[in-house]
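Structural description and commentary
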Amino acid sequence: MPPVPLPAHLADLAAEYADGRREPAVPRDAATVVLQRAGADGRPEIYLLRRHTTMAFAGGMCVFPGGGVDPRDYDHTVAWAGPTPAEWAARLGTSEDVARALICAAVRETFEESGVLLAGTSADSVVADTTGDDWEADRVALESRELSMTDFLDQRGLVLRTDLLGIWSGWLTPVFEPKRYRTWFFVARLPEGQVTRDVSSESSEVVWIPAADAADQADRGELAMLPPTYLTCLEVGTHATPEAVLAASTGRSVEMFTPSVEPLGEGFTLSMPDGLRPLVAQRRSGS
């Protein structure tokens, strides 16, 4: 995916926000999950959804399951297993309340948009099948906000398996965008026995694809992705297995990155985290 030139009017607009002549939109907290499984060669395949072109944010783009935090995701009574909210807060760079809400949102949105549930009846179990009509009714009720995540888990005697998640990165939408999200990127493996289902009301199609192939297709213009999605696919694709991705996540903590305007030839583009520049440069050089 070559550097995307930023239209001059957007570069000018970004400058106005940067020097205080405009007030940026207040970002909404969000969580997204890079759901993985092992491909035929063992390497990570990832689950992508193509958003409807009519969507106000990222219309037509390929994205991971995820979405904004719901106020009820802050419920401190939610059934929980795994690292504590305090432990997550240290890694996510947030308060305990926000960390709890982000983990809850990550699990809830993954279930809503893929049918995959990172929960079990105990700290060492995970739901094996969520394809029944009763599960679908609950998924729809969660998606419509008729049912909260806390009540859903309580009714089924389940606990969040927060240990099945790893943290990968954090991205904050550029200041000049009218809709902004402060998004924490998580990684997880598809639980044994569960299957994804094309159920999201926000997507036109879904696909399992090797992470490295997703980056290749984006480079060829065959998949449309926002830079954070592309860079995540590129980085995840350097790992040999989903387990290796999860292992790499254990040492990570989030420093939220906001793309800024930087020179590109005679124009401008958006910046990327310094840690990813060598990987992108190596790819562009063909080595």
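Anything mentioned here points back to the structure above.
About the thresholds
Residues numbered from 1 in each chain as written. Predicted model: local features only at pLDDT ≥ 70, side-chain atom pairs only at ≥ 80, totals over all residues. Heavy atoms only, no water. 1 Å grid on protein atoms, 1.4 Å probe; cavity = no way out; pocket = protein on both sides within 12 Å on 5 of 7 lines; lining within 4 Å. Points joined across faces, edges and corners; volume = space filled by probe spheres on them. Nonpolar A, V, L, I, M, F, W, Y, C, P; charged D, E, K, R; others polar. Buried < 20%, exposed > 50% of the residue type's maximum accessible area, 1.4 Å probe, protein only. Helix = DSSP H or I, 4+ residues; strand = E, 2+ residues; numbered from the N terminus. Pairing = 2+ DSSP bridges. Phe/Tyr/Trp six-rings, centres within 6.5 Å; stacked < 30°, edge-to-face > 60°. Arc of directions from axis to C-beta. Axes fitted to C-alpha atoms, helices over the stretch in contact; angles between N-to-C directions. Parallel < 35°, antiparallel > 145°, perpendicular 65-115°, else oblique. Left-handed = near helix turned anticlockwise from the far one by under 90°. Contact = heavy atoms within 4.5 Å.

1. Regarding empty space enclosed by the protein
Within the structure shown, the criterion is met by one cavity of 30 Å³ or more. Quantified by volume, the largest cavity comes out at close to 40 Å³. Every residue lining the largest cavity is listed: Asp70, Arg72, Asp73, Arg108, Glu112, Leu142, Arg145, Leu147, Ser148 and Met149. Broken down by class, the residue content of the lining of the largest cavity amounts to three nonpolar, one polar and six charged.

2. Thoughts on the pairing of strand β9 (residues 181-189)
The buried fraction of β9 is high, at seven of nine residues. By the bridge criterion, nine bridges tie strand β1 (residues 28-38) to β9 in an arrangement that is parallel. The residue bridging Leu35 from the neighbouring strand is Ala188, located in β9.

3. Concerning the environment of Leu10
The topology assignment puts Leu10 in helix α1 (residues 8-18). You can call Leu10 partly exposed: its relative accessible area is 22%. Here the alpha-carbon distance between Leu10 and Val261, two residues 251 residues apart in the chain, equals 9.3 Å.

4. Examining the packing of aromatic side chains
As enumerated under the stated definition, the model contains seven aromatic pairs in all. Considering the side-chain rings of Phe64 and Phe185, the 6.3 Å spacing of their centres and the 85 degrees angle between planes classify their relative orientation as edge-to-face. With a gap of 121 residues between them, Phe64 in the loop between β3 (62-63) and β4 (66-68) and Phe185 in strand β9 connect regions that are remote in the sequence. Each of the two residues, Phe64 as well as Phe185, counts as buried. Seen in terms of ring centroids, Phe111 and Trp135 are 6.4 Å apart; in terms of plane orientation they differ by 80 degrees. Their pairing is edge-to-face. Residue Phe111 is found in helix α3 (residues 96-114), and its partner Trp135 is found in helix α4 (residues 133-143); the two are separated by 24 residues along the sequence. The exposure classification of Phe111 matches that of Trp135, with both residues buried. Grouped by ring-pair contacts, the aromatic residues Phe111, Trp135 and Phe152 constitute a single cluster.

5. Describing helix α8 (residues 242-249)
Within the span of α8, buried status applies to Pro242, Val245 and Ser249. In a view along the axis of α8, the buried residues occupy a sector of 55 degrees, so they form one face of it.

6. Overview of the packing of helix α6 (residues 211-219) against helix α7 (residues 227-236)
Relative to each other, α6 and α7 sit at 135 degrees, their axes nearing to 7 Å. By the angle class used here, α6 and α7 are oblique. In terms of crossing hand, the pair formed by α6 and α7 is left-handed. Contact residues: α6 offers Ala211, Ala212, Ala214, Ala215, Ala218 and Asp219, while α7 offers Tyr230, Cys233, Leu234 and Val236. Split into classes, the residues belonging to the contact of α6 with α7 amount to nine nonpolar, no polar and one charged.

7. Things to note about unusual backbone geometry
Of note in the backbone geometry, Arg145 takes a positive phi value of approximately 70 degrees without being a glycine. Tracing the sequence through the fold places Arg145 in the loop between α4 and α5 (149-156).

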